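# Residue-level structural notes
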Amino acid sequence: MMADEPLVLGIETSCDETGVGIVRGTTLLADAVASSVDTHARFGGVVPEIASRAHLEAMVPTIERALKTAGISARDLDGIAVTAGPGLAGALLVGVSAAKAYAYALNKPLYGVNHLASHICVDQLEHGPLPEPTMALLVSGGHSSLLLAPDITSDVRPMGATIDDAAGEAFDKIARVLNLGFPGGPVIDRLAKEGDPRAIAFPRGLTGPRDPAYDFSFSGLKTAVARWIEAKRNAGEEVPVRDVAASFQEAVADVLTRKAVRACKDEGVDHLMIGGGVAANSRLRALAQERCERAGIRLRVPRPGLCTDNGAMVAALGAEMVARNRPASDLELSADSSLPVTEPHVPGAAHEPGAAHEPGGAHEPGGAHAHPHDHDHVHEVSKKNLYS
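Not measured: the values here are computed from a predicted model.

## Details of the nonpolar core
- Formed by 50 residues in total, the largest nonpolar core has its most connected members in Leu 137, Phe 248, Leu 256, Leu 272 and Ile 274.
- If you list the elements that add at least two residues to this core, you get strand S6 (134-139), strand S7 (144-151), helix H6 (167-177), helix H7 (184-192), helix H8 (219-234), helix H9 (241-267), strand S9 (271-275) and helix H10 (282-295).
- Counting residues per element, this core draws most heavily on H9, at 13 residues.
- Setting aside residues up to four positions removed in sequence, Leu 272 forms contacts with Met 135, Ala 136, Leu 137, Ala 260, Cys 264, Cys 292, Ile 297, Arg 298, Leu 299 and Arg 300.
- Grouped together as the second largest cluster of nonpolar side chains are 31 residues, Ala 66, Leu 67, Ala 98 and Ala 99 included.

So this is what it looks like as structure tokens:
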């Protein structure tokens, strides 16, 4: 760790975790998380309004805890990074508002960054600088994506994505059918260790010869599992929960790893990074390792605590923005619930398409990654209406 490396605080509030991380360069100094998952569990899923209120209550204490853990003052920071999107609009708004307030009060540069790009960049904190390009498989409750990132700060290219349910969403839904509670991923992973993954031949979506090579679909798998369970119950038979969990989990891990390894081979990339909450799944990690070794591909997976949503990943991407002299965001930064992954960060107005900016950048008008910003921005959302 070098004293001249950028010291950045990151804020993550895209869903139900209030995450605050502090990094110096690629060294993690603090990773404080306040989760509201127990509150949502009684509803069987995340309730956006409850998540927003929880972020409001947890924000300042979590930032103070991170600063104390890192042993620094807020004035020592070189920048403030925050998840600008994608995510729940109200939850994002809390984090963006807090980051803008701290940046303004401390006179520090502000960096609005992309949630998905942050999930890739966090691996730097454990395994060192990312290779360029990086092939990444991101799997979570809201996303199942294959991404190629020649430059994590300015050039992230979607290779494939889910066309319906994300992998994590499917885990939660099957857990609900099995009456296992919320969130479903950890309990299914635990039960699957005691089951037979070959007991039930559940379908593998979008794996036919004419199907999109890199896209995912878990809706059909979810329906097939639910109907299999229903048929057992209607026949008065006991549902073999452990075998169902193992067979379902195997179907998900099989499709994810098969397509990810294929993408690496097709693009000539000799490594694969896996991130997102589902990357904590033990079978996914084991099968990915097995298939990558056979294919001569190096696998990079952060420890489970860095796979789920956290502030460290946002700080990591923010530090990379500072190190590469990327333009800071301005105080007009908006929370953007549908921010595309092709925008790793949201620069200031002077760097928007059509404005003066460095040639050849990710926002070059008419370029390969130009984006007209025609998606919804959360500009004029009343806090009174959201939080009263």
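On we go from here.
## Digging into the confidence of the model for the chain
- The pLDDT averaged across the chain works out to 90; a share of 89% of its residues lies at or above 70.
- Across residues 353-388 the pLDDT falls below 50, and counting only partners more than four positions away or on other chains, this stretch makes 63 contacts in the model.

## Considering the layout of surface pockets
- Quantified by volume, the largest pocket comes out at close to 1000 Å³.
- Lining of the largest pocket is provided by 36 residues; of these, Ser 140, Gly 141, Gly 142, Asp 172 and Pro 183 occupy positions nearest its centre.
- Looking at the lining of the largest pocket, the elements that each hand over two or more residues are H6, H7 and helix H11 (304-307).
- A per-element tally of the lining of the largest pocket places H6 first, with 6 residues.
- Of the residues that constitute the lining of the largest pocket, the class distribution is 12 nonpolar, 16 polar and 8 charged.

## A short note on helix H12 (residues 311-323)
- Between its terminal C-alpha atoms H12 stretches 18 Å, which fits the 18 Å expected from 13 residues at 1.5 Å a residue.
- With respect to burial, H12 is a largely interior element, 12 of its 13 residues being buried.
- For H12, the full list of buried residues reads Gly 311, Ala 312, Met 313, Val 314, Ala 315, Ala 316, Leu 317, Gly 318, Ala 319, Glu 320, Met 321 and Val 322.
- Its side-chain oxygen 3.1 Å from the backbone nitrogen of Ala 312, Asn 310 forms the N-cap of H12.
- Phi turns positive, to about 60°, at Asn 325, one or two residues after H12.

## Overview of unusual backbone geometry
- The omega torsion of the bond from Gly 85 to Pro 86 falls at -10°, within 30 degrees of zero and hence cis.
- Geometrically, the link from Phe 182 to Pro 183 is a cis peptide bond, its omega value of -5° lying close to zero.
- Tracing the backbone through its elements, the reader meets Pro 183 in the loop between H6 and H7.
- At Asn 107, a position not held by glycine, the phi torsion is positive, near 55°.
- One can find Asn 107 in the loop between helix H3 (89-106) and strand S5 (110-114).
- Take Asn 107: its relative accessible area is 69%, and that puts it in the exposed class.
- Phi angles above zero are rare outside glycine, and Leu 206 is one such case at about 55°.

## Description of the environment of Leu 77
- Positionally, Leu 77 belongs in the loop between helix H2 (48-70) and strand S4 (79-85).
- With relative accessibility at 2%, the residue Leu 77 sits in the buried group.
- Linking Leu 77 and Val 8, residues 69 residues apart in sequence, is a C-alpha distance of 5.7 Å.
- Those residues in contact with Leu 77 that sit more than four places away from it in its chain are Leu 7, Val 8, Leu 9, Ile 72 and Lys 108.

## Considerations on empty space enclosed by the protein
- Counted according to the given criterion, the structure contains 1 cavity of 30 Å³ or more.
- In the lining of the largest cavity, the residues fall into 8 nonpolar, no polar and no charged.

Definitions and limits used
- Along every chain, residues carry numbers that run from 1 in the direction the sequence is written.
- Given that the model is predicted, a residue must reach a pLDDT of at least 70 before its local features are reported, and side-chain atom pairs must reach 80 or more before they are shown or counted; all residues, however, enter totals for whole chains, interfaces and linings.
- Each side-chain value is derived from all of the structure's non-hydrogen atoms; neither hydrogens nor water enter the calculation.
- Working definition of a nonpolar core: buried Ala, Val, Leu, Ile, Met, Phe, Trp, Tyr and Cys residues. They are joined through side-chain atoms within 4.5 Å.
- The buried label applies to any residue whose accessible area, calculated with a 1.4 Å probe on protein chains only, is under 20% of its type's maximum; exposed applies above 50%, and partly exposed to all values in between.
- Segments assigned H or I by DSSP are reported as helices when at least four residues long, segments assigned E as strands when at least two residues long, and all are numbered from the N terminus.
- Residues are treated as being in contact if the distance between any of their heavy atoms lies within 4.5 Å.
- On a range of 0 to 100, pLDDT expresses the predictor's confidence in each residue.
- Both site types are read off a 1 Å grid over the protein atoms alone. A 1.4 Å probe that fits but cannot get out defines a cavity, while an open set with protein on both sides within 12 Å along at least five of seven lines defines a pocket; lining residues have an atom within 4 Å of a point.
- Grid points are joined across faces, edges and corners, and a volume is the space filled by probe spheres set on the points.
- Asp, Glu, Lys and Arg are counted as charged, while Ala, Val, Leu, Ile, Met, Phe, Trp, Tyr, Cys and Pro are counted as nonpolar; the rest, among them Gly, fall into the polar class.
- In this scheme, a helix's expected span is set at 1.5 Å multiplied by one less than its residue total.
- Whenever two N or O atoms come within 3.5 Å, that pair is a polar contact, provided that in protein one can donate a hydrogen and the other can accept it, and provided that, for residues adjacent in sequence, both atoms are side-chain atoms.

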